Amino acid sequence: MDTEFSALTTPPPTRSRALATEAVHAGRDDLASLGLHAAPIDLSTTYPSYDSRGEAERIDAFAATGAKPEGPPVYARLDNPTTARFETALARLEGAESAVAFASGMAALTAVLLARASKGLRHVVAVRPLYGCSDHLLGAGLLGTEVTWTDPAGIADAMRPDTGLVMVETPANPTLAEVDIRAVAHSCGSVPLLVDNTFATPVLQRPLEHGARIVLHSATKYLGGHGDVMGGVVACDEEFAATLRQVRFATGGVLHPLAGYLLLRGLSTLSVRVRAASASAAELTRRLSADPRVARVHYPELGGAMVSFEVYGDPHRVIAGVGLITPAVSLGSVDTLIQHPASISHRIVDEGDRQAAGVGDRLLRMSVGLEDVEDLWADLCQALSDGSAGAVPSARGQEAAGRETQPAGR
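Residues take numbers from 1 onward in each chain, read along the sequence in its written order. Totals for whole chains, interfaces and linings use every residue, but because this is a predicted model, local features are given only for residues with pLDDT of at least 70 and side-chain atom pairs only at 80 or more, for both listing and counting. Values shown for side chains rest on all heavy atoms present in the structure; no hydrogens or waters enter the calculation.

**Observations concerning the overall build of the protein chain**
Under the convention used in this document: Put simply, DSSP H or I for four residues or longer makes a helix, DSSP E for two residues or longer makes a strand, and each gets a number counted from the N terminus. The size measure is the radius of gyration over C-alpha atoms, and the globule rule it meets is 2.2 Å times the number of residues to the 0.38 power. Residue burial is assigned from relative accessible area. The probe radius is 1.4 Å, only protein chains are included, and a residue is buried under 20% of its type maximum, exposed over 50%, and partly exposed in between. In this analysis, two residues are considered to be in contact whenever any of their non-hydrogen atoms come within 4.5 Å of each other. All accessibility values rest on the Shrake-Rupley procedure with a 1.4 Å probe; residue burial counts only the protein chains present in the view. Under the counting rule used here, the positive set is Lys and Arg, the negative set is Asp and Glu, and His together with the chain ends is not counted. A charge is said to be at NZ when it belongs to Lys, at CZ for Arg, at CG for Asp and at CD for Glu.
Secondary structure summary: the protein chain contains 16 helices and 13 strands in total. Scaling as 2.2 N^0.38, a compact globule of 410 residues should have a C-alpha radius of gyration of about 22 Å, and the protein chain matches this with 23 Å. Counting across all 410 residues of the protein chain, residues that qualify as buried make up 52%. For the protein chain, restricting intrachain contacts to residue pairs at least 6 apart in sequence, the fraction spanning at least 24 positions comes to 72%. Accessible surface computed for the protein chain: about 18000 Å², of which carbon and sulfur atoms make up 54%. The centroid of the 35 positive side-chain charges in the protein chain is displaced by 1 Å from the centroid of its 47 negative side-chain charges.

Here is the structure:
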């Protein structure tokens, strides 16, 4: 054998790979052996089987354990090869044993709540603010759950014998408030801590490394990254993942394989997108903080591509005044989006609770994309002028109002 050639083709020893490398290669490790470069899309809803007894045994095993069936797929609601690639990749990025994907972030949260309720643990301790629909799902009791809202310092005192989950979102939607995950996890004791990591992504934060046991993503946002796919995913240990698969099979909240393909593709550029957008967001934060038309800016110490700010003028006129920036819900896309949380994403939350959580009527939330920062600033600057006509206070008034850049801590 040609020893020089052999040295060039022998894989190097296994070692820990950087997140950017994992984002490109995780879930695709077998492609070369299959003679493929791009991941295939399996759109089958069902699969042939000529061994009905063996099929029955596999289905019984899944019903009993929730473990992924070995061998060929059975039915798309139970498992799908394309979706499984995305799950494998996301688990690797979050440092989890497993991940289970769903049709949306809310479907993912619903499955978590149902899984805990199935054990008789219907009580949830949660810290506001959360995404508005998450807040509503917990507070409305639609799944038979009961929630106690508290601040991070009150978590331990809020625990009950039937507490099945503690939930935080950090940085939070839309104020970008941050919590100390390790401290909160300590307060949880044996109760699992769920961290909504949608805003940070594993590029900036891996909650499992700080004591969380469940990580939730609205994959619609940064994981997909292009505003063209909807999904949700939970990263956790294999034991809980098995229960989630059983809930997913029973309730039907499965991720479509085309969405799984797009999400896997989105992960390959996740690190580049998040870091580039975060650099622009930091620069816009600096400029907004110095702008007399802006009362307060919220930006996480962690960094990231989300910026929230409160204006002195009419926030609705700012929304109406953008041209390059898109006034729309959602976030994490390659283009910049802006919205008024009190009117849209958090409208469903009781006004008193919303205000107490810092979601005021003059707060705007901006998801910074990949456009040139000068173009973004020119557009935002014009919109701020439209919204602040006659509303900018005097210098003394600004000082009294306490204009500042507010790190999004508690």
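**Here we look at a nonpolar patch on the surface**
Condition: Within the patch definition used here, like charges are joined within 9 Å and nonpolar side chains (Val, Leu, Ile, Met, Phe, Trp, Tyr) within 5 Å, considering only residues with over 30% relative accessible area and no salt bridge. The working definition used for a salt bridge is a side-chain nitrogen of Lys or Arg within 4 Å of a carboxyl oxygen of Asp or Glu.
On the surface, a cluster of nonpolar side chains totalling about 260 Å² of accessible area is made up of I41, L43 and L258. Looking at the element boundaries, L258 is found in helix α11 (residues 257-267). On the accessibility criterion, L258 (41% relative accessible area) is partly exposed.

**Regarding the nonpolar core**
Note the threshold: The set of buried Ala, Val, Leu, Ile, Met, Phe, Trp, Tyr and Cys residues whose side-chain atoms join them within 4.5 Å is what this entry labels a nonpolar core.
Among the nonpolar cores identified, the biggest contains 35 residues, and F86, L90, Y222, L223, V233, L267 and L270 are the most heavily contacted of them. For this core, the secondary structure elements donating two or more residues are α4 (81-94), β1 (98-102), β7 (232-236), α11 and α12 (270-289). Here the element with the most residues in this core is α11; it accounts for 6 residues. In this structure L223 touches F86, L90, H217, V233, L263, G266, L267, L270 and R273, once residues within four positions along its chain are discounted.

**Concerning the sheet that holds strand β5 (residues 193-196)**
Heads up, the rule is: If DSSP finds at least two bridges between two strands, the strands pair. Helix axes are fitted only over the stretch in contact, all axes being lines through C-alpha atoms; the angle between N-to-C directions runs from 0 to 180 degrees.
Pairing is mixed in the open sheet, where 7 strands are placed in the order β1-β7-β6-β5-β4-β2-β3. The open sheet has two edge strands, β1 and β3 (146-150), and neither has a second partner. Geometrically, the sheet is characterised by an average inter-axis angle of 20° between neighbouring strands, direction not taken into account. Lying over the sheet, helix α5 (residues 105-117) contacts β1, β2 (123-127), β4 (163-169), β5, β6 (214-218) and β7, oriented at roughly 150° with respect to β6. Sheet strands in contact with helix α6 (residues 132-140) are β2, β3 and β4, and its direction is about 125° off that of β3.

**Digging into the packing of α12 against helix α15 (residues 373-388)**
What counts, and what does not: Two helices cross in a left-handed way if the nearer one is turned anticlockwise from the farther one by less than a right angle. They cross in a right-handed way if the turn is clockwise. Each residue receives one of three labels: charged for Asp, Glu, Lys and Arg, nonpolar for Ala, Val, Leu, Ile, Met, Phe, Trp, Tyr, Cys and Pro, and polar for the others, Gly being one of them.
Packing of α12 against α15 leaves a shortest axis separation of 11 Å and a crossing angle of 35°. In terms of crossing hand, the pair formed by α12 and α15 is right-handed. Taking contact as the criterion, the partners of S280, E283, L284, R287 and L288 in α12 are, on α15, V373, E374, L376, W377, L380 and L384. Looking at the contact of α12 with α15 residue by residue, the class counts come to 7 nonpolar, 1 polar and 3 charged.

**As for the layout of surface pockets**
How we decide: With a 1 Å grid spanning the protein atoms alone, the term cavity applies to any set of points in which a 1.4 Å probe fits but cannot get out, the term pocket to an open set with protein on both sides within 12 Å along at least five of seven lines, and the term lining residue to any residue with an atom within 4 Å of a point. Grid points are joined across faces, edges and corners, and a volume is the space filled by probe spheres set on the points.
Empty space within the largest pocket amounts to approximately 420 Å³. What lines the largest pocket is a set of 25 residues, and nearest its centre among them are M106, Y131, S218, K221 and S330. For the lining of the largest pocket, the secondary structure elements donating two or more residues are α5, α6 and β6. Grouping the amino acids of the lining of the largest pocket by side-chain chemistry returns 11 nonpolar, 10 polar and 4 charged.

**Section: the side chain of N173**
Selection rule: In the analysis that follows, any N or O atom pair within 3.5 Å is treated as a polar contact, provided that within protein one partner can donate a hydrogen and the other can accept it, and provided that, for residues neighboring in sequence, both atoms belong to side chains.
Its location among the elements puts N173 in the loop between β4 and α8 (181-188). Residue classification places N173 among the buried residues on the basis of a relative accessible area of 3%. Polar side-chain contacts of N173 include one of 2.9 Å to the side chain of R365. Apart from the residues lying within four places of it in its own chain, the contact partners of N173 are P129, L130, Y131, F199, H346 and R365.

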